[in-house]
Every structure is written in structure tokens, then in C-alpha cells.
Amino acid sequence: MTDAIGVEGMRKCFAEVEAVSGISFSVRQGELFGFLGPNGAGKTTTINMLTGLARPNTGSIRIGGIDCTHRPRAAQHLIGVVPDESNLYPELTGFENLCFCAALHGLGKVERQGRARELLDNFGLAQALNRKFGGYSKGMKRKLTIAAGIIHKPEILFLDEPTTGIDVASARQLRQLIADLHRGGTTIFLTTHYIEEAERLCDRIAFIVSGRIVRIDTVEHLIQPIQEKHVVQITCANTLSDIEGNLSESFPELECKTIGQRVIRVEADEPVRVGPLVRFLEDHGVEVSEARRMRPSLEDIFVRITGIEADAMRKEKEKAGSGQ
Amino acid sequence: MKLWIAFWNILVKDMRTYYLKPPNISWGLIFPLAWTSMFFIKSGSGLESILTMLPGVVAVSILFGTTSLLAVTVTFEKKNRSFERLLLAPIPLEVLMLAKTSGAILFGVANAFVPVIMALFLADLSQVVWSAFVPAVFMIAVASTFLGLFIAVAVSEVFEAQTFSNFFRFPMIFLCGLFFPIEKLPVLLKPLSYVLPLTYGADVLHGAVHGGHAMPFSLDLSLLGAFCVGLFAMSLWNIKRKWIL
Ligand SMILES: Nc1ncnc2c1ncn2[C@@H]1O[C@H](COP(=O)(O)OP(=O)(O)OP(=O)(O)O)[C@@H](O)[C@H]1O
Ligand SMILES: [Mg+2]
């Protein structure tokens, strides 16, 4: 079976910025592949190259067995794309937008109107069918953009941060929908900066940082090395200063790390005894407000591999999102 | 069949969203009307002069009607990223761009007939060789649309497209023999006339309306055709080079 996506040494530079630096990976047919990374990591640039909106400087691309290296738009009939920003026509209604997108893929009139109605229903937009896209709320726009990307039932779907900027309920609904498409056999390439989302949905995940893939593996394999670890997270009321060294000296069996200014993460191979830790901290003038046992998650792995704080990544993203 | 569905829907969408909007329709009508009246009144030499003015007015109406629209259908859509949608569709770039331009071509042809209809009431058009006039109108519409496309693709802002196209449009009014014969131009400017497509279109129009043309119709139309092919090819090349980054 040929891979749905095959990328070899793909590199992309913009003037002096190297957005993607020679990455290689493949996505199997029917797989849900996650591309996880912080702002500016090169996720969108990668999608653009895979979907024919950009040309790599070097490297090769195969989509659905078709060599797209020199003909970037050769596999357009196989793919569906949901871009990071809604790019439908503001002056058309939701229904017209969907019909138009279906027509671009050659669907006949009856079929496209049927599909458009079905999708508007599925996405809870039936009420807004005849309203202009320009007047939709941000979440509604996002949903319609996703509907437009799947209206022609593509074999391979590219989703660029599908759940950014929409409310919790809609995001959950969307994840359900993505899972359904996956179950139905669609190959999905998903970029996200929500680690839990990637963990929950994806078969395999690539971590991308500054244009480089630092790790690709299945979720189970990624989590395995810390599955047996015991993790405690301690939140302090006052600002920490240089407590890390003191802790390591007094508790050599624990691996302690401060995160930001008020959080200490403790990892150990044996269950962590919280009492002595808290007492030690309070003796050193640190006021503990909370100590919590944590289930090791993909987030820990991400932090470990990339050195990037997941919380920071999320906040930065939300700031950028609300600024738009 | 699939390609045809895509082509037709792109054309219809552009017509509905851009061309058949009241402002555009009225603009499309008023503009040629204004040109027509201005020239007919200004010439002041009575109604006979209508036949000598008509070719120029027709050409100007087409030129302005078509080039203005491409700034919207192409530059604007590129700017707000909806053009990416078209690039993501399984349609060859040639077909895609023909679909994006055919609306403007039709609009240009429609614009051309506004002054013609006005002239019908004011002058005797029985001498007009329609078999040359109509193909010329069509070819001028295609050439000016592709000129507009070339400009629209070369820039990234709508206002740039407008400014840049004026840079071409206004000199063309004077250099292409629309209202003043090319022979009367200063020697230094004459070569310029012959690198502008409108020169050849205007020559056919003059010939068809009142018999004063410099070159055979077939040569004029072939040269105009060559300009169309060249401008279209250059625009596609530019899109591939600049938009598929
Ligand atoms: N058209 C462009 N011109 C110049 N630089 C670009 C262009 N597109 C992307 N870049 C640069 O390439 C790098 C990667 O950008 P990209 O948009 O792929 O990141 P991303 O992972 O999608 O980030 P985000 O999470 O913010 O969407 C960034 O440094 C960006 O500034
Ligand atoms: Mg992005």
C-alpha cells in the first residue's frame, strides 16, 4: 500500500528565514497524523507545500502516490484543505459558499446542494443557511470553513489548527467529527498546538520546533518512558528563587524542576512523599498553596523533548488569536 | 464535464458577486455614456463627427470597463485569501484564469455596445461593417481583460492595481489612434503606439465604422490575438512564480 503522504528532505526558506529545514516523514493511508508545534514552527508552511500553495526549495513530495515535487497542484483532486484562517466569500451565504466549493470539485447541482444541506445540518448551521458568511461569528466561520474542506469527500484531509478560536462545546463537536472522518477511512493531517487534542485524536504525532521534526512516534510509544513515573506538581503562593538546587541536594531521589515562577514539578520512579517536601519548602520561606499528583501525559513528553512549556505555548496562541 | 462545472460556477459567482451588482451595472453604463457624451459634445462639429468618434469611444469603454474589474476579481480575492480556494481546486491554472477573466470579457463587450446604441439614435450606422466591428470589439475586450489580469497579478494591493492600470490606460487613449490618427503623433512616440494592443483594435474599428484603416483587418486581428496570448501566458507565469510561493 502506498503512503498517503511521503515527504523527503523538504526545505523552505523565505528570504533569510528558514521556515522548514529539511524534514522527512510519511503518513499511511487512513492514518490520523498530528503535527504539533509552537508558533512559527513551520506547520502552516508545511501544509502549504503539501497542498500546492507553496514550492519547497529542496526535497520531494508525494501525495496519494503522485509526485508533486515539480507539479505542486497535481494531486488537488485527492485532497481537502481547511486553512488556518477562514477564506470563504463574505458576500455569499453559507449555503452558496458550500455549493461553490463543491462545484470547484466538479460536483453536479443536485449532489452539491444535498451535501451542503447535510453538512450545514451536521455543523448546527442550518439556521444560518441563508445568511451571508461575512456576518457569521468566528466559530460559525470556522465550522463552515471545515465543512467547505470536506464537502467533496477528499481522501486526504489537511486541517490547520481546526479548533483554535472556537468555544469548548464546538471544539468538542469538531473533534468528534474529525474522529468520525478518521473512522470512515479519511487520511488526516492535523496541525495543532493543543497537546491534549493531539493525544486524544492522533495515531502518530510529529513534534516540530523551528522547522525541524524533533520526534515522530505513536502516542503510546511517546508516553511509555514516563508511564511508570510518579509526578507531583507543587504550586506556590510566593515567587520562587533558586530553590531547585536546594531541593536536589536534600532529595537526591527526586527530579525537581521549576516551571515559571510559582510551580515546581517533581518526578520520581517511586511514589513521591509530599509531606517532607512541603515542610522543606515552608522551612525555606516558600508558601505552598497546592500539591497535586499528576498523571503523566503527552504534555510532559513534549516539554521534555522540545524544552517548550506547553502552557506558555497555549497562552501565546490565545493571545495571538484574540488579537486578530 | 467536471471542469466545465467548475468553470461555469466560477464565472457565475463572479458575475453575481461583482459584475451584476447595481453599482457596477450603473458604473458600466454611466462610464461609457459619459465618455460618449463628452466626446460627442466636445467635438462640436455636428452629428457627422459621431462616426469618427465612435471607434475611440467604444475602445475606451471596453478598456476601462474590463481593467477595473480585474483588480477586484483577482487582486482583491488574492489579498483576502479566497483566491487560495481556487488554487486548491483540481482545475488547471489556464482554465481557472479563463474562468476568472471571461466575466470581464463579457462585461467589456456589453460596455462597448452602450455608445453604439446611443449612436444608433444620432447617426446613420448603415455603412458599418459589422462583420469586422464585432470581432474587433471581442478581441479588444479579451486583450484589455488580459492586460488587466497582467496588472492585477503583478501587484498585491487593489489600489496598486488601479494606479498601475491608469499608468497604461490613459496613455493608451492618446497613443493608440483612438481619437487622433497615429500619423499625427510626434515621431518619437510613434513606436510606442505599435507596442500597444489597442492600436490594432482601434484600427479595425475605424475601418469598420468609416473606412479609414491603416492595415488589413486580418493582420490587425492576428496581432491583437498575439497580444492576448502573450499577456495571458505572462500572467500565468507570474501567478506560478509569485503566488505559488
Ligand atoms: N510568506 C512568508 N514570507 C516570509 N516568511 C514566512 C512566510 N510564511 C511563513 N514565514 C515564516 O516561516 C516561519 C514558519 O511559519 P508558519 O506559518 O509555517 O508557522 P506555524 O507553525 O504555522 O505557526 P502558527 O502556529 O503561528 O500558525 C515563521 O518564522 C514565519 O515568519
Ligand atoms: Mg500556522
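- The name an unreviewed UniProt entry assigns to chain B is Transport permease protein, from the organism Candidatus Abyssobacteria bacterium SURF_17.
- You can read under Sequence similarities (unreviewed entry) in the UniProt record for chain B the words "Belongs to the ABC-2 integral membrane protein family."

- Per an unreviewed UniProt entry, chain A goes by the name ABC transporter ATP-binding protein and belongs to Candidatus Abyssobacteria bacterium SURF_17.
- Turning to chain A, the UniProt annotation filed under Sequence similarities (unreviewed entry) states: "Belongs to the ABC transporter superfamily."

**So, empty space enclosed by the protein**
And step 1. Under the defined criterion, the tally for this structure stands at three cavities of 30 Å³ or more.
And step 2. Put simply, the largest cavity is a space of about 130 Å³.
And step 3. Taken together, Ile79(A), Gly80(A), Val81(A), Cys101(A), Leu104(A), His105(A), Ala148(A), Gly149(A), His152(A), Arg85(B), Leu88(B) and Ala89(B) make up the full set of residues lining the largest cavity.
And step 4. The set of elements that each furnish at least two residues to the lining of the largest cavity consists of strand S6 (79–82), helix H2 (94–104) and helix H4 (138–150) of chain A.
And step 5. By residue number, the principal contributor to the lining of the largest cavity is S6(A), which donates three residues.

**Some words on the pairing of strand S12 (residues 255–259) of chain A**
All names here are of chain A.
And step 1. Alignment of S12 against strand S13 (residues 263–268), held across five bridges, turns out to be antiparallel. In the strand pairing of S13, Lys257 is matched with Arg265.
And step 2. Where S12 folds back onto S13 in an antiparallel hairpin, the turn is made up of three residues, including Gly260, whose phi is positive at roughly 65 degrees.

**Considering the nonpolar core**
And step 1. In terms of nonpolar packing, the biggest core is built from 111 residues, with Ile5(A), Phe25(A), Leu50(A), Ile63(A), Phe158(A) and Phe189(A) touching the most fellow members.
And step 2. Looking at this core element by element, the count peaks at 16 residues for helix H6 (residues 130–154) of chain B.
And step 3. Non-local contacts of Leu50(A), meaning those with residues more than four positions away in its chain, are made with Ile5(A), Val7(A), Met10(A), Phe25(A), Ile61(A), Ile63(A), Phe158(A) and Phe189(A).
And step 4. Membership of the second largest hydrophobic core comes to 48 residues, among which are Cys99(A), Ile166(A), Ala179(A) and Ile205(A).

Definitions and cut-offs
- Residues numbered from 1 in each chain as written.
- Chains lettered and ligands numbered in written order.
- Predicted model: local features only at pLDDT ≥ 70, side-chain atom pairs only at ≥ 80, totals over all residues.
- Heavy atoms only, no water.
- UniProt positions renumbered as here; feature names shortened; annotations may be inferred.
- 1 Å grid on protein atoms, 1.4 Å probe; cavity = no way out; pocket = protein on both sides within 12 Å on 5 of 7 lines; lining within 4 Å.
- Points joined across faces, edges and corners; volume = space filled by probe spheres on them.
- Helix = DSSP H or I, 4+ residues; strand = E, 2+ residues; numbered from the N terminus.
- Pairing = 2+ DSSP bridges.
- Core = buried A, V, L, I, M, F, W, Y, C linked by side-chain atoms within 4.5 Å.
- Buried < 20%, exposed > 50% of the residue type's maximum accessible area, 1.4 Å probe, protein only.
- Contact = heavy atoms within 4.5 Å.

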